[in-house]
Amino acid sequence: MEKKPIKIMDTIFRDASQSKIATRMKLEDMLPIAEKLDKVGYHSVEMWGGATFDSCIRYLNEDPWERVRELKKRMPNTKMQMVIRGQSLVGYRHYPDDVVVCFVEKAAENGIDIFRPFDALDDVRNLKTVIETVKRIGKIAEGTVCYTISPVHTTRLILDKARQLEDLGIDLFCLKDMAGLLDPYTAYKIIKRLKKSLNVPIHLHTHDTCGMGAMSCLKAVEAGVDIIDTVLSPFSEGTGQPPTESLVMALKGTPYDTGLDLNLLAEIADDVREMKKKYKEFETDMGGVDSKIMVTQIPGGVMSNMAAQLKQVGALHRLNEILEEIPKVRKDLGYISLVTPTSQIIVVQATVNVITGERYKIITNETRELLRGGYGETPGPVNPELQKRVLKDEEPITCRPADLIPNAMERLRKELKGISTSEEDLLTYALFPHIALNFFKRRTPELNLLESN
Ligand code: CO
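First, a word on scope: everything that follows refers to the structure included in this document. All of these numbers come straight from a predicted model, not from anything done at the bench.

To continue, consider the overall build of the protein. Scanning the protein from N- to C-terminus turns up 21 helices and eight strands. In terms of C-alpha radius of gyration, the protein reaches 22 Å, essentially the compact-globule figure of 22 Å for 453 residues. Residues classed as buried in the protein amount to 59% of the 453 residues present. Counting every atom, the protein has about 19000 Å² of accessible surface; 51% of that belongs to carbon and sulfur.

Glancing now at the nonpolar core. In this structure, Phe13, Phe103 and Phe173 are the most contacted members of the largest nonpolar core, which totals 139 residues. With seven residues, the single largest contributor to this core is helix H5 (residues 97–110). Every residue in contact with Phe13, bar those within four places of it in the chain, is listed here: Met25, Met30, Ile33, Ala34, Leu37, Val45, Glu46, Met47, Thr52 and Leu71.

Spatially, the eight strands close up into a barrel ordered E1-E2-E3-E4-E5-E6-E7-E8, and their pairing is parallel. Neighbouring strand axes in the sheet, compared pairwise and without regard to direction, differ in orientation by 30 degrees on average. The sheet contact formed by strand E5 (residues 140–146) and strand E6 (residues 172–176) spans five bridges and is parallel. Across the sheet, residue Thr144 finds its bridge partner in E6, namely Cys174. Sitting on the sheet, helix H7 (residues 155–167) touches E5 and E6, and the angle it makes with E5 is about 160 degrees.

Where helix H4 (residues 64–74) contacts H5, the two axes come as close as 9 Å, and the packing angle between them is 30 degrees. Between H4, through Trp65, Val68, Arg69 and Lys72, and H5, the contact on the second element is made entirely by Phe103, Lys106, Ala107 and Asn110. Tallied by class, the residues present in the contact of H4 with H5 amount to four nonpolar, one polar and three charged.

At a minimum axis separation of 8 Å, helix H8 (residues 184–197) and helix H9 (residues 213–223) run at an interaxial angle of 30 degrees. In terms of axis orientation, H8 runs roughly parallel to H9. Here H8 runs over H9; the crossing is right-handed. Packed against H8, whose contacting residues are Pro184, Tyr185, Ala187, Tyr188, Ile191, Lys192 and Lys195, the element H9 presents Met215, Ser216, Lys219, Ala220, Glu222 and Ala223 at the interface. Broken down by class, the residue content of the contact of H8 with H9 amounts to eight nonpolar, one polar and four charged.

The next thing to look at is a nonpolar patch on the surface. On the surface, a cluster of nonpolar side chains totalling about 310 Å² of accessible area is made up of Val289, Met294 and Val295. For Met294, the location among the structural elements is in helix H12 (residues 292–296).

This part covers helix H14 (residues 319–332). In a regular helix each residue adds 1.5 Å, so 14 residues correspond to 20 Å; H14 covers 20 Å between its end C-alpha atoms and thus fits that length. Where H14 bends most, at Glu325, the angle is about 25 degrees, and the proline Pro327 comes one to four residues later. Within the sequence span of H14, burial applies to Leu319, Ile322, Leu323, Glu325, Ile326, Val329, Arg330 and Asp332.

What follows covers the pattern of salt bridges. Tallied over the entire structure, the rule returns 39 salt bridges. Two residues, Glu283 and Lys280, come together in a salt bridge whose shortest N-O distance is 3.8 Å. Assessed through its relative accessible area of 58%, Lys280 is described here as exposed. The salt bridge partner of Arg443 is Asp425, with a shortest N-O separation of 2.7 Å. Highlighted residues: Arg443 in helix H20 (residues 433–443) and Asp425 in helix H19 (residues 423–431), separated in sequence by 18 residues. On the basis of relative accessibility, which here comes to 5%, the residue Asp425 falls in the buried class.

Burial of strand E8 (residues 227–230) is two-sided: the residues Ile227 and Asp229 facing one way and the residues Ile228 and Thr230 facing the other way are all buried. Examined bridge by bridge, strand E1 (residues 7–10) and E8 share four bridges and lie parallel to one another. Bridging across to E8, Lys7 finds its partner in Ile227. The sheet contact formed by strand E7 (residues 202–205) and E8 spans two bridges and is parallel. Considered in E8, the bridge of Leu204 is made with Ile228. In this region the chain leaves E7, passes through H9 and returns to the parallel neighbour E8; the handedness of that crossover is right-handed.

Looking now at H9. Among the residues of H9, those classed as buried are Gly213, Ser216, Cys217, Lys219, Ala220, Val221 and Ala223. Buried residues in H9 make contact with H8, E7, E8 and helix H10 (244–251). Gly224 occupies a position one or two residues after H9 and carries a positive phi of about 110 degrees.

Definitions and cut-offs
- Residues numbered from 1 in each chain as written.
- Predicted model: local features only at pLDDT ≥ 70, side-chain atom pairs only at ≥ 80, totals over all residues.
- Heavy atoms only, no water.
- Helix = DSSP H or I, 4+ residues; strand = E, 2+ residues; numbered from the N terminus.
- Rg over C-alpha atoms; globule rule 2.2 N^0.38 Å.
- Buried < 20%, exposed > 50% of the residue type's maximum accessible area, 1.4 Å probe, protein only.
- Areas by Shrake-Rupley, 256 points an atom, 1.4 Å probe, with all protein chains shown as cover.
- Core = buried A, V, L, I, M, F, W, Y, C linked by side-chain atoms within 4.5 Å.
- Contact = heavy atoms within 4.5 Å.
- Pairing = 2+ DSSP bridges.
- Axes fitted to C-alpha atoms, helices over the stretch in contact; angles between N-to-C directions.
- Nonpolar A, V, L, I, M, F, W, Y, C, P; charged D, E, K, R; others polar.
- Parallel < 35°, antiparallel > 145°, perpendicular 65-115°, else oblique.
- Left-handed = near helix turned anticlockwise from the far one by under 90°.
- Patch = residues over 30% accessible without salt bridge, like charges linked within 9 Å, V, L, I, M, F, W, Y side chains within 5 Å.
- Salt bridge = Lys/Arg side-chain N within 4 Å of Asp/Glu carboxyl O.
- Expected span 1.5 Å × (residues − 1).
- Bend = angle between axes of the 7 residues up to and from the residue.
- Right-handed = clockwise from strand over helix to strand, strands pointing away.

By themselves, these observations are geometric and do not establish any function.
Given below as structure tokens:
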């Protein structure tokens, strides 16, 4: 058989930190490890995007842009990859096109090589501005479709969306299994079909939440996948990715041999294990397999957050009722995937439905917006009665939602006058106005004086 080395993306600084230690990993702990990772020969290292941006300014008092620059210095030979929530960038709502374009340009300028945009509704129109900008500036665009299970989600649907993304000019295609629901034989079937119908390399992203991550990667390899996502063992398994070392070992001596040095990986894993000890308080207690996920499809991170919040308000005893309500709300909302931000929308609405004792007695703003078409086109039809109740005589939106959002950069620039002149700060402010201002004040205490003058 012809040799086909499998390429590996390590998720240690982004997804693994997000899934295993609540996105609390600090830059100072990444830097010494980054230097060593640069010698491994990975396809890429995922180090930005998702919740990392928010976490930097909210909890860590770190400039997210500086993180990119510093990691780039330590990893000059490795491609730096970020995950980006389509038109929502690294936030939770759709932003205007001028903000999206500027964000992608600045991210690239600071050091991002590969952009992986996904959309919670898999509405390809929501990925268009990001992909076109990435292409225009000569970086690598990795189009993504989320993997989820529902009566409307078929292999055909994935293939259709993948082809639409290929028409937009993507360089790579990623199948994103955010909750670890993809079983090995389905992985084989889908990857085989994708390989047949796409011309671009195929990347598989999984989690080990249901204990199938490594098995699915292996079957995907047999089906012809080009790149897989793994993480160094101390951050692997459970809600994390399958372990890098195990996959490297499993493929060793086969036509798929990754060529990565196991001794070097073991040495770095030792450092990572030491580093991880600092974050014990943030570790999720879901280390092993959680089969509840197979039924509810709720990503591990969301589940642990939900339990913690219910505990705070003394409603933890209603958890099982809420878990039963979640699939019903999901059906009403057109079988949207459980991924940021739709996972939060579904979970909050289901919780409200249970706690108030009457379904949709209270409808959250986000549920309303979703029923209005404000997030894009849902994979399946929404509950028409519920939609009518929310919209009354208003017609739902059918265009790309961002077409209705006016450009904002000029307005934001005026608002930030006297506080900062950096374009990066402007973007931080565009995404998280309130948190950004607090962060700027902590970073530059003189700003507090300015305000009181
Ligand atoms: Co993930």
